[in-house]
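The lines below spell out each chain.
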Amino acid sequence: MKFSIITINLNNAPGLKETIESVICQDSIDYEYIVIDGGSTDDSVGILEQYTNKIDYWISEPDTGIYNAMNKGILQAKGEYCLFLNSGDTLIRHTILSELLTLDFNQDIVYGNVIKIFQKERIQNKGVGKSEFGLYDLIIRRMNHQACFIKRDLFDRFGLYSEEYKIASDWKFFIDTIIVGNVFVRYIDWDISCFDTMGVSTVYPERAYEETQKILESTFPPRVLSDIKELDRYKHASAIKLYDKLIANKTLLKIYNKIFHGLRK
């Protein structure tokens, strides 16, 4: 089996219904579908019962947070790759899984683009947007888990999502696997899914920032953090275009290379 699609949900019955329908309408059958509900008190369980013959595994019980729920899904997963579509997120079209299966799909992480829907406007987000990238790329652009296919055995090799964090543990997982673990990543310039912009990292950006800073401090030595902070003041300038101009400066280029090429020495 190629894909394990995992959906977590808490009291978002309309979003859950949209997500389920976008999965079960796929023209490929090379996937399993897992739904982890956190003991919802709305009509979520009724929707799960409605689609129970289309879902390979579902459970509704209290959990301790997003990553506890995601870890429950991982432990049930039997596919080669995991894809996390939380309630409200949808696959881009009913043929996307069969299209992906035509690719040479064997890297540790394969990721594409998401479409962010904000006040009915559709905005393409490419995330990091390349296969070779460094720590700062991951800081300024991130990777959207709704478009990331993660080999199931990475969770055996690197561990499940940390439940210490409430918002940024998927980002920590990418830091641990891609930046520190140097796993193989492939970017495909395809739109994979539509992203619910009302997720917790969007609603609570300050908390997300605090968690990412804590993750950086617990992962990298002070010399690397000081270099990152020196670059970080350019992050919000007017943003990427200005950053691209500044990086041409020899001093910044030296810092850039020190961070990205010195970590693995």
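Coordinates for the structure precede this section.
Chemist: Even after reading the chapter, I still don't get the overall build of the protein, so can you show me in this structure?
Modeler: Counting its regular elements, the protein contains twelve helices and nine strands. Considering the protein as a whole, with its 265 residues, one finds that 51% of them fall into the buried category. For the protein, contacts bridging at least 24 residues in sequence account for 79% of all contacts bridging at least 6. Summed over all atoms, the accessible surface of the protein reaches about 12,900 Å², with 51% contributed by carbon and sulfur.

Chemist: Would you mind showing me how to read empty space enclosed by the protein here?
Modeler: Think of a ball as big as a water molecule: rolled over the atoms, this probe shows where empty space is left. For the coordinates displayed, the defined rule picks out one cavity of 30 Å³ or more. In this model, the largest cavity occupies a volume close to 40 Å³. Of the residues contributing to the lining of the largest cavity, the split by class is three nonpolar, three polar and two charged.

Chemist: Before we go on, may I ask you to explain the pairing of strand S6 (residues 109-118) in this structure?
Modeler: The two faces of a sheet get side chains in turn, since along a regular strand they alternate between them. Here S6 lies mainly inside the structure; seven of its ten residues are buried. As paired elements, S6 and strand S8 (residues 148-151) share three bridges and run antiparallel to each other. Residue pairing across strands places Ile109 opposite Ile150, the latter belonging to S8.

Chemist: How should I be thinking about the pattern of salt bridges in this particular structure?
Modeler: Tallied over the full model, the rule gives eleven salt bridges. With a closest N to O distance of 3.2 Å, Glu80 and Lys2 form a salt bridge. Here Glu80, found in the loop between helix H3 (66-76) and strand S4 (81-84), pairs with Lys2, found in the segment before strand S1 (3-9); they are 78 residues apart in sequence, far enough to count as distant. For Lys2, a relative accessible area of 15% translates into the label buried.

Chemist: Mind showing me how you'd approach the packing of aromatic side chains here?
Modeler: Geometrically, a pair of aromatic rings is defined through the distance of the ring centres and the angle of the planes. Under the definition given, this model contains 13 aromatic pairs. Ring centres 5.5 Å apart and planes at 85° place the aromatic pair Phe105 and Phe149 in the edge-to-face group. Taken as a pair, Phe105 in the loop between helix H4 (96-100) and S6 and Phe149 in strand S8 lie far apart in primary sequence, 44 residues in all. In this pair, the class of Phe105 matches that of Phe149, namely buried. Look at Phe155 and Phe173: their rings are 4.6 Å apart centre to centre, the planes differ by 20°, and that puts the pair in the stacked class. Of the two residues, Phe155 sits in helix H6 (residues 152-158) while Phe173 sits in helix H7 (residues 169-180), which places them 18 residues apart along the sequence. Take Phe173: its relative accessible area is 4%, and that puts it in the buried class. Connected via pairs of aromatic rings, a cluster forms that spans Tyr67, Phe84, Phe155, Tyr161, Phe173 and Phe174.

Definitions and cut-offs
- Residues numbered from 1 in each chain as written.
- Predicted model: local features only at pLDDT ≥ 70, side-chain atom pairs only at ≥ 80, totals over all residues.
- Heavy atoms only, no water.
- Helix = DSSP H or I, 4+ residues; strand = E, 2+ residues; numbered from the N terminus.
- Buried < 20%, exposed > 50% of the residue type's maximum accessible area, 1.4 Å probe, protein only.
- Contact = heavy atoms within 4.5 Å.
- Areas by Shrake-Rupley, 256 points an atom, 1.4 Å probe, with all protein chains shown as cover.
- 1 Å grid on protein atoms, 1.4 Å probe; cavity = no way out; pocket = protein on both sides within 12 Å on 5 of 7 lines; lining within 4 Å.
- Points joined across faces, edges and corners; volume = space filled by probe spheres on them.
- Nonpolar A, V, L, I, M, F, W, Y, C, P; charged D, E, K, R; others polar.
- Pairing = 2+ DSSP bridges.
- Salt bridge = Lys/Arg side-chain N within 4 Å of Asp/Glu carboxyl O.
- Phe/Tyr/Trp six-rings, centres within 6.5 Å; stacked < 30°, edge-to-face > 60°.

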